[in-house]
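# Examining the three-dimensional arrangement
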Amino acid sequence: FRRASVFRGGFELAAAERVLELGDDVGTREVLERLKSRSLILSRGAGEHARYSMLEALRGFATERLEEAGERADGEARHTDCYVELGRALRTAFERHDPQADRQLAIEVDNLAAIVERAAAAPRPTSGNASAALEAALALDIAWQQRGTPAEQAQALDSALMLAEGRGIPAP
């Protein structure tokens, strides 16, 4: 339950398998279904295309439990790795005019924005989180160009570029 708090705006089974790190002997789908049956998470859709989410109040509580367990940094790092990779793949697909890329980017805006927000809020930004913030911001830029939210777009790009500049990372 607490490990799912790193997601923003929802997640799919494939992301849960990468980010939650439940172990080889534990079925991620079964764990998610158990959490759903206890009303700790919600789901839309079915099968491989089910999308899970958590109410904000529960997410806040779960984040506190994640922090208390000493797992927050690792969980956020796995989330970042997962969504930076997805953002890169979706940017490439978008550049190849794949119609599904725009739709998927729109769905994952909150997860990508969380990467930029965490990096900007870090007391001591590293090259790694600055680079991840840039990658996420580039994917967000495509999504926001399609959706027309220039204020959010500018803020995310500015934050990511300032972080990267501070760590000597060239903009891609």
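Heads up: the structure comes first, above all this text.
This report concerns the structure included in the present document. (Residues numbered from 1 in each chain as written. Predicted model: local features only at pLDDT ≥ 70, side-chain atom pairs only at ≥ 80, totals over all residues. Heavy atoms only, no water.)

### Quick look at the overall build of the protein
When its secondary structure is counted, the protein shows eight helices and three strands. Listed by position from the N terminus, the elements making up the protein come as β-α-α-β-β-α-α-α-α-α-α. Out of the 172 residues belonging to the protein, those deemed buried represent 42%. Long-range pairs, those at least 24 residues apart, make up 64% of the contacts in the protein with a sequence separation of at least 6. Per element, the accessible surface of the protein, about 9400 Å² overall, is 50% carbon and sulfur. (Helix = DSSP H or I, 4+ residues; strand = E, 2+ residues; numbered from the N terminus. Buried < 20%, exposed > 50% of the residue type's maximum accessible area, 1.4 Å probe, protein only. Contact = heavy atoms within 4.5 Å. Areas by Shrake-Rupley, 256 points an atom, 1.4 Å probe, with all protein chains shown as cover.)

### Things to note about empty space enclosed by the protein
Evaluated as defined, the whole model comprises one cavity of 30 Å³ or more. When its volume is computed, the largest cavity comes out at roughly 40 Å³. Lining the largest cavity are Ser 5, Val 6, Arg 8, Arg 59, Thr 63, Leu 66, Arg 72, Glu 76 and Arg 118. Of all the secondary structure elements, the ones that give two or more residues to the lining of the largest cavity are α3 (56-68) and α4 (72-95). With three residues, the top contributor of residues to the lining of the largest cavity is α3. Considering only residue class, the lining of the largest cavity consists of two nonpolar, two polar and five charged. (1 Å grid on protein atoms, 1.4 Å probe; cavity = no way out; pocket = protein on both sides within 12 Å on 5 of 7 lines; lining within 4 Å. Points joined across faces, edges and corners; volume = space filled by probe spheres on them. Nonpolar A, V, L, I, M, F, W, Y, C, P; charged D, E, K, R; others polar.)

### Some details on the packing of α4 against helix α5 (residues 99-107)
Following both chains from N to C, one finds α4 and α5 inclined at 145°, their axes separated by 7 Å at the closest point. Helix-helix and strand crossings are classified by hand; for α4 and α5 the assignment is left-handed. Here Leu 90, Ala 93 and Phe 94 of α4 lie close against α5, whose contacting residues are Ala 101, Asp 102, Gln 104 and Leu 105. Across the contact of α4 with α5, the residue classes break down as five nonpolar, one polar and one charged. (Axes fitted to C-alpha atoms, helices over the stretch in contact; angles between N-to-C directions. Left-handed = near helix turned anticlockwise from the far one by under 90°.)

### A few points about the sheet that holds strand β1 (residues 11-12)
Strands sit in the order β1-β3-β2 across an open sheet of three strands; the sheet is antiparallel. Only two strands of the sheet have a single neighbouring strand rather than two, namely β1 and β2 (42-44). Here three bridges tie β2 to strand β3 (residues 51-53), and the two strands are oriented antiparallel to one another. When the sheet's bridge partners are listed, Ser 43 is paired in β3 with Tyr 52. (Pairing = 2+ DSSP bridges.)

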